[in-house]
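Notes for the structure review
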Amino acid sequence: MSNKDYETYYVPEQSHWPIVGALALFLIAIGAGSYVANLDTGEGVGGYILLAGIALIVYMMFGWFSNVINESMAGKYSAQMDASFRQGMSWFIFSEVMFFAAFFGALFYARMLSVPWLGGEGNNYETWNVLWPEFQAAWPLIKTPDGSTTTGMGWYGLPLINTILLLTSSVTAHFAHVALENNKRASLKFWLASTILLGTVFLILQVVEYQHAYADLDLTLASGIYGNTFYMLTGFHGMHVTLGTIMLIVMFLRVMKGHFTPENHFAFQATSWYWHFVDVVWVLLFVFVYIL
Amino acid sequence: MTTVTDTMEHVDGHHDHHDHHADHKMTGIKRWLLTTNHKDIGTLYLWFSFIMLLTGGAMAMVIRAELFQPGLQIVEPDFFNQMTTVHGLIMVFGAIMPAFTGLANWMIPMMIGAPDMALPRLNNWSFWILPFAFGILLASLFMEGGGPNFGWTFYAPLSTTYSNGSTAFFVFAVHIMGISSIMGAINIIVTIMNMRAPGMTYMKMPLFVWTFFITAYLLIAVMPVLAGTVTMVLTDTYFGTSFFDAAGGGDPVLFQHIFWFFGHPEVYIMILPAFGIVSTTIPAFCRKPLFGYSSMVYATASIAFLSFIVWAHHMFTTGMPLAGELFFMYCTMLIAVPTGVKVFNWVATMWRGAISFETPMLFSIAFVILFTIGGFSGLMLAMTPVDFQYHDTYFVVAHFHYVLVTGSLFSIFAAVYYWLPKWTGHMYDEKLGKLHFWCSMISVNVLFFPMHFLGLAGMPRRIPDYALQFADFNKWVSIGGFAFGLSQLIFLALVIKCIRAGKQAEAKSWEGAEGLEWTVASPAPYHTFATPPKVD
Ligand code: HEM
Ligand SMILES: [Cu+2]
């Protein structure tokens, strides 16, 4: 094979975006750190530093991605570059899966092991008898060993509607992708907009559900292991849906500007992968957090 | 072996304008802050790691000074705990891991014939967030109430109910370290999957590349779990959750499960690249190809796989169900099989080789012997009933320092000596290198070997004071410790000397060296393989 049929891999020149991003992350960490450390007193400027960090990271993403988009539009990227981006994104999503796995692991451990053990299962009779003889193992854990109570969240109603919304949005996202590949721009815009709409409604309903849980069910983040796993899992999922929706909106704006071709649309592809990923996580959540 | 038909540093005709741009590098601080060059970033990682090694080392000196004699004399117990904690965190996340990432950055593109890492800007970001993370961690030592004092394993409830005010900073610092590792790992994976020169199939890759490839998978699988763990610590401490609190239905033992699900693969993250390094240096100085290349690849992959199902060998004393104790005991022992394959292959490579003993080879031979000692003490710890006695004693400390210091760190030294000529264009001072080796080799054993006896006799770890019968051994351990610490200054002097001057290194600096990196000039040009070489 001669070297002639090998396209040059584009190695960008010096860039100042990463160091801006590093600074942003630093501000976020110290801001969040001092905000959290002073939660009880509410003193300090941690919250503002955190906000400044977030603003800076948004600015960084904007600048960095514009660089990449410009390079891509200028035709500097080869198929090999595209493959780098795709592989990078897929492994990033894999790492996100593992992040959720930690919280699912905590959920399964609590449900299948620690709660039954606290209730005296296996060889733990004495533990139960000595520590909390009143305690009864159950899931949802509506009464914790130290006696605080809460109410379980049903799966029908909002959660079911949300499941339907998110599943539908995965289908519309797929239609949008097909439309893009067939170069049907009008239909692409339509399906993309529908996906954004579905995602947004999902998020609004999620907020309504949280309000309902706090106000009527007395189900809070601090309501024992049930409330902990409920909010951490749905909360992190909600954050990912928010991010996904923002990504979809950016894709929509880029489509309006005429970006993407049937052959060349990595950013769109990545967004759609991300969206399917949050969808799958939700299905698992719906089954293991709400139904079972 | 691989042959190279075209390695010339010329730029391909039809794209020349931007290649041209990238060729002149910036000067001064800007070069380092804004760089997208894998060699610059590798250098940054390596220097950062060395600074962290000295910082963490200084803390170890505090620990050993306090333990020189029984009784409390130099520091407060709480500060002693902060020292052991931050020493561990810095050495694991700040010294060993960044050193490996630095080597990966420098060498992988050159070894596979790629122009750079696949995602160069991300590469810069992965590095530059690290100093900030460690800045936060170190700053927390000076905060009111002090820094983290719960051990590098930050077990709940020490890190939750009983922690001091700075835990939030610890949590966010670890988050940043995690992001850095994940991004770095993604870059390594993508580079290896996508950027190999034409003709370099997976089974033709140098073993060094293979081990980093597999390590990178371990990283993206477990660093997110660590992020989850610290997040739960954060909410348990500040937001009233009870993941690790039985009163709310959680369980402190859950912490250990999640932590060690990360933690055990993490120790392999710190040793697999070391395997890759000595599998490069030993053949070079024996002037023989590596014995059993493909069995090395499969052994590395099996170790990586097994590392996911042995985590609870750190938790034998938590009262797991008997079936769990047995399962984790047998799985742990199983790891000794692929590890044994490796040790056998290194020895077989040396067998009847034309061996010469330059510094990288000395460190590599020491690695093989001393790592094996660490592996054997690991096997002792893997036996559940025996571990009931050894757990949380100095025997464990001896074990993991044999695998991490005489294992991982020695391999890093071997790598640095081996590639210094390629990086700097100068041969290092061999006499000074040998001096560094022998000082390190002797002092490290004075430092860590007696810890086995201390542990077997029951001296608990992480305590600033001890019973009188342990006094003699501790004195020797401390002396070894100070000597080992001082010996590293020889290394610093050697590296600086080598950067400034020295005998001009040839492109192929070692007679037996193999691989694409030796086909380019020494020092390696700023950009290598803008046009991929052809490998057959
Ligand atoms: C043959 C291979 C190995 C076996 C069978 C093994 C086994 C074990 C066991 C059973 C323990 C728990 C001891 C206890 O706490 O009671 C342990 C601790 C440890 N091992 Fe290994 N190990 C092996 C190799 C390694 C390697 C290669 C590394 C790192 C490069 C390593 C690093 C550690 C560390 C850091 C700890 C202590 C963690 C802590 O509690 O702070 N081990 N090992
Ligand atoms: Cu382990």
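Note that the coordinates shown come from a computational prediction; the quantities given were computed from them, not determined experimentally.

**Examining the overall build of chain A**
Along the backbone of chain A there are eight helices and zero strands. When the helices and strands of chain A are read in sequence order from the N terminus, they spell out α-α-α-α-α-α-α-α. Its C-alpha atoms put chain A at 80 × 45 × 45 Å along the principal axes. Of the contacts made within chain A by residues no fewer than 6 positions apart, 70% connect residues no fewer than 24 positions apart.

**Some points on the overall build of chain B**
Within chain B, the regular secondary structure consists of 16 helices and zero strands. For 536 residues, the compact-globule estimate of 2.2 N^0.38 gives 24 Å, and the C-alpha radius of gyration of chain B, at 23 Å, lies within 12% of that figure. With the principal axes as the frame, chain B shows a C-alpha extent of 70 × 50 × 45 Å. Counting over 536 residues, chain B shows a buried share of 59%. Long-range pairs, those at least 24 residues apart, make up 84% of the contacts in chain B with a sequence separation of at least 6.

**Considerations on the interface of chain A and chain B**
Each partner contributes residues to the interface: chain A has 59 residues there, and chain B has 66 residues. Among the elements of the structure, helix H1 (17-37), helix H3 (79-118) and helix H7 (224-256) of chain A are those that each provide at least two residues to the side of chain A that touches chain B. Considering each element in turn, the side of chain A that touches chain B owes the most residues, 22 residues, to H3(A). Broken down by class, the residue content of the side of chain A that touches chain B amounts to 38 nonpolar, 17 polar and four charged.

**Topic: unusual backbone geometry**
Following Trp139(A), the chain continues to Pro140(A) via a peptide bond in cis, the omega torsion being -5°. Its place among the elements puts Pro140(A) in the loop between helix H4 (125-131) and helix H5 (158-181). Pro157(B) follows Ala156(B) through a cis peptide bond whose omega is 0°. Of note, Pro157(B) is situated in the loop between helix H5 (120-140) and helix H6 (167-194). Positive phi, close to 30°, is recorded for Phe154(B), a residue that is not glycine.

**Description of the environment of Gly199(A)**
Residue and element names in this part refer to chain A. Mapped onto the fold, Gly-199 is located in helix H6 (residues 185-217). Taking the C-alpha atoms as reference, Gly-199 lies 25 Å from Ser-66; in sequence the two are 133 residues apart. Excluding residues within four positions of it along the chain, Gly-199 makes contact with Ser-169, Val-241, Gly-244, Thr-245 and Leu-248.

**Examining the domain arrangement of chain A**
Domain annotation of chain A identifies domain 1 (1-77) and domain 2 (80-291). Relative to domain 2 of chain A, the C-alpha centre of domain 1 of chain A lies at a distance of 25 Å.

**Section: the site of ligand 1**
All names here are of chain B. Around ligand 1, the surrounding shell holds 25 residues, and the nearest of these are Val-267, Gly-378, Leu-381, His-391 and Phe-400. Among the elements of the structure, helix H11 (322-350), helix H12 (359-382), helix H13 (384-390) and helix H14 (394-424) are those that each provide at least two residues to the shell around ligand 1. Counting residues per element, the shell around ligand 1 draws most heavily on H14, at seven residues. Residues of the shell around ligand 1, tallied by class, amount to 13 nonpolar, eleven polar and one charged.

**Re the environment of Phe453(B)**
When you line up the elements, Phe453(B) lands in helix H15 (residues 430-456). Along the primary structure Phe453(B) and Tyr394(B) are separated by 59 residues, whereas in three dimensions their C-alpha atoms are 8.1 Å apart.

**Side note on the UniProt feature "domain: Cytochrome oxidase subunit I profile" (unreviewed entry) in chain B**
The sites that UniProt annotates as "domain: Cytochrome oxidase subunit I profile" (unreviewed entry) are residues 32-536 of chain B. Between the C-alpha atoms that bound residues 32-536 of chain B there is a distance of 36 Å. The span itself is 68% helix and 0% strand.

**So, the environment of Trp128(B)**
Within the secondary structure, Trp128(B) is located in helix H5. For Trp128(B), a count of 25 C-beta atoms within 10 Å corresponds to the buried category. Remark: the alpha-carbon pair of Trp128(B) and Trp32(B), spanning 96 residues in sequence, is separated by 9.7 Å. In contact with Trp128(B), not counting residues within four places along its chain, are Pro18(A), Ile19(A) and Ala22(A).

**Observations regarding the UniProt feature "transmembrane region" (unreviewed entry) in chain A**
Residue and element names in this part refer to chain A. The UniProt feature table records "transmembrane region" (unreviewed entry) at residues 16-36, 48-69, 90-110, 155-178, 190-210, 230-253 and 273-291. Each end of residues 190-210 is marked by a C-alpha atom, and these two atoms are 30 Å apart; helix forms 100% of the span and strand 0%. Between the C-alpha atoms that bound residues 230-253 there is a distance of 34 Å. The span itself is 100% helix and 0% strand.

**Quick notes on the confidence of the model for chain A**
For chain A, the average pLDDT comes to 93, and 98% of its residues sit at 70 or higher. The model gives residues 1-5 of chain A a pLDDT under 50, and that stretch makes six contacts with residues more than four places away or in other chains.

**Points about helix H7 (residues 207-238) of chain B**
Residue and element names in this part refer to chain B. With 32 residues, H7 extends 46 Å from end C-alpha to end C-alpha; this agrees with the ideal 46 Å at 1.5 Å per step. Bending of H7 peaks at approximately 25° at the position of Ile-220, with proline Pro-224 no more than four residues after it. Counting buried positions along H7 yields 30 of 32 residues, so the element is predominantly enclosed. Two residues or fewer after H7 comes Gly-240, characterised by a positive phi angle close to 75°.

**A short note on the packing of H3(A) against H7(B)**
The axes of two packed helices give the description: the angle between them and the distance between them. In contact at an axis separation of 8 Å, H3(A) and H7(B) are set at 45° when each is read in the N-to-C sense. In terms of orientation, H3(A) lies oblique with respect to H7(B). The two elements H3(A) and H7(B) cross, and the hand of that crossing is right-handed. Between H3(A) and H7(B), the contacting residues are Trp91(A), Phe94(A), Ser95(A), Glu96(A), Met98(A), Phe99(A), Ala101(A), Ala102(A), Phe103(A) and Ala106(A) on the first element and Ile220(B), Ala221(B), Pro224(B), Val225(B), Ala227(B), Gly228(B), Thr229(B) and Met232(B) on the second.

About the criteria used
- The residue numbering used here restarts from 1 in each chain and proceeds along that chain's sequence as written.
- Starting at A for chains and at 1 for ligands, labels are handed out in the order in which the entities are written.
- Given that this is a predicted model, residues contribute local features only at a pLDDT of at least 70 and side-chain atom pairs are listed and counted only at 80 or more, while totals for whole chains, interfaces and linings are drawn from all residues.
- A run of DSSP states H or I qualifies as a helix once it reaches four residues; a run of E qualifies as a strand once it reaches two. Both are numbered from the N-terminal end.
- Residue pairs qualify as contacts under a 7 Å threshold applied to their C-beta atoms, which are placed from the backbone.
- For a compact globule the rule gives 2.2 Å times the number of residues to the power 0.38, and the radius of gyration it is set against comes from C-alpha atoms.
- Buried, partly exposed and exposed are defined by the number of other C-beta atoms within 10 Å of a residue's own C-beta, namely 20 or more, between the two limits, and 12 or fewer respectively, with C-beta atoms placed from the backbone.
- Three categories are distinguished: nonpolar for Ala, Val, Leu, Ile, Met, Phe, Trp, Tyr, Cys and Pro, charged for Asp, Glu, Lys and Arg, and polar for the others, with Gly belonging to the last.
- Domain delimitation follows an automatic or database domain assignment.
- Residues are counted as near a molecule or strand when the C-beta atom, derived from backbone positions, lies within 6 Å of that molecule or strand.
- UniProt positions are given in the numbering used here, feature names are shortened, and annotations may be inferred rather than shown by experiment.
- pLDDT is a residue-level measure of predictor confidence that goes from 0 to 100.
- How far a helix is expected to stretch is found by multiplying one less than its residue total by 1.5 Å.
- Each residue is assigned a bend, namely the angle between axes fitted to the seven residues that terminate at it and the seven residues that start at it.
- What counts as an axis is a line fitted to C-alpha atoms, over the stretch in contact for a helix, and the angles between N-to-C directions run from 0 to 180 degrees.
- An angle below 35 degrees is read as roughly parallel, one above 145 as roughly antiparallel, one from 65 to 115 as roughly perpendicular, and any other as oblique.
- The sense of a crossing depends on the near helix, which, turned anticlockwise from the far helix by less than a right angle, makes the crossing left-handed and, turned clockwise, makes it right-handed.

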